[in-house]
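Each chain is listed here by its residues.
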Amino acid sequence: MPKPPPTDAGALIPDRPTLEKLRTAAKDCQACDLWRLGTQTVFGEGRSNAELMLVGEQPGEAEDLAGHPFVGPAGKLLDRALADAGIDRADVYVTNVVKHFKWEPRGKRRIHKKPNAREIAACRPWLDTEIALVKPRAIVCLGATAAQSLLGRQFKVTAERGVFVKSPLAPLVMATVHPSSILRAPDDETRRDETKRLTADLRKVARALAKRRP
Ligand code: SF4
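Residues numbered from 1 in each chain as written. Predicted model: local features only at pLDDT ≥ 70, side-chain atom pairs only at ≥ 80, totals over all residues. Heavy atoms only, no water.

K.L.:
Talk me through the site of the ligand; I want residue IDs and the actual numbers.
P.N.:
Surrounding the ligand, one finds Cys29, Ala31, Cys32, Leu34, Trp35, Val98, Lys99, His100, Ala122, Cys123 and Trp126. Structurally, the ligand is housed in the largest cavity. Of the residues belonging to the shell around the ligand, the class tally is 9 nonpolar, 1 polar and 1 charged. (Near = heavy atom within 4 Å. 1 Å grid on protein atoms, 1.4 Å probe; cavity = no way out; pocket = protein on both sides within 12 Å on 5 of 7 lines; lining within 4 Å. Sits in = over half its atoms within 2 Å of the grid points. Nonpolar A, V, L, I, M, F, W, Y, C, P; charged D, E, K, R; others polar.)

Here's what the structure looks like:
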């Protein structure tokens, strides 16, 4: 009888993991059904000893096709906000709580669909191991899915964005909005204002990190 697929990715974490070993193992992950929907696993990327880790929800359409996180329109907005905050994206590790693109068809388009609790839990061992290996001094959750997954279901990004919260995950932990929510803003003025607020949140993290450097 064929072996049933694991209920979470924990069984796939290699012994003595490294980011490279993890990325390779995650390619074949079938711990939830999202592997059937996505083109490929989109694993985290960036500096292996990054001070700052950014955690989003899941790869989008562009990321699914490219196989890299935050490379689509939301990623470009994030890049600009990081640069304006004085942070070099090359120094950051970027990842998602869920590593496959979840979508539903609308006509010929693939429309983003929020991952559910079961999918988030199934994927969590990948993220936990990324955090354990990179050991970032700051983690920024981008959007409600990442924030509630890492900081608890009660966490409200609308009320607590830009505020450092106590967490065993890293010395500095904050949540802010996901850049894709800024792209969905109803008009240019709101988009500009929201981009400024995202930049301000990232700048706050950059300053806090700089203060703590020996
Ligand atoms: S979303 Fe995560 S747990 Fe689900 S198949 Fe993809 S890598 Fe595995």
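K.L.:
Can you break down helix α3 (residues 73–84) residue by residue, with the values?
P.N.:
In this model α3 runs 17 Å from its N-terminal to its C-terminal C-alpha over 12 residues, within 8% of the 16 Å that 1.5 Å per residue would give. Turning to α3, its buried residues are Ala74, Gly75, Leu77, Leu78, Ala81 and Leu82. End-on view of α3: buried residues confined to an arc of 160 degrees, all on one side of the axis. In α3, the exposed positions angled more than 90 degrees off the buried face are occupied by Pro73, Ala83 and Asp84. Structurally, α3 contributes buried residues whose contacts are with β2 (52–56), β6 (138–142), α7 (179–183) and α8 (188–212). (Helix = DSSP H or I, 4+ residues; strand = E, 2+ residues; numbered from the N terminus. Expected span 1.5 Å × (residues − 1). Buried < 20%, exposed > 50% of the residue type's maximum accessible area, 1.4 Å probe, protein only. Arc of directions from axis to C-beta. Contact = heavy atoms within 4.5 Å.)

K.L.:
So what about the packing of aromatic side chains? Which residues, and what values?
P.N.:
On inspection of all chains with the given rule, the structure shows 1 aromatic pair. Ring plane angle 85 degrees and centroid distance 6.0 Å describe the contact between Phe43 and Trp126, whose orientation is recorded as edge-to-face. Separated by 83 residues along the polypeptide, Phe43 in the loop between α1 (19–26) and β1 (45–46) and Trp126 in helix α4 (residues 117–134) bring together distant segments of the chain. With respect to class, Phe43 is no different from Trp126; both count as buried. The residue whose ring lies beneath Lys99 is Phe43, and the NZ or CZ to ring-centre distance is 5.3 Å. Taking NZ or CZ as reference, Arg110 lies 5.3 Å from the ring centre of Trp103, over its face. (Phe/Tyr/Trp six-rings, centres within 6.5 Å; stacked < 30°, edge-to-face > 60°. Lys NZ or Arg CZ within 6 Å of the ring centre and 35° of its normal.)

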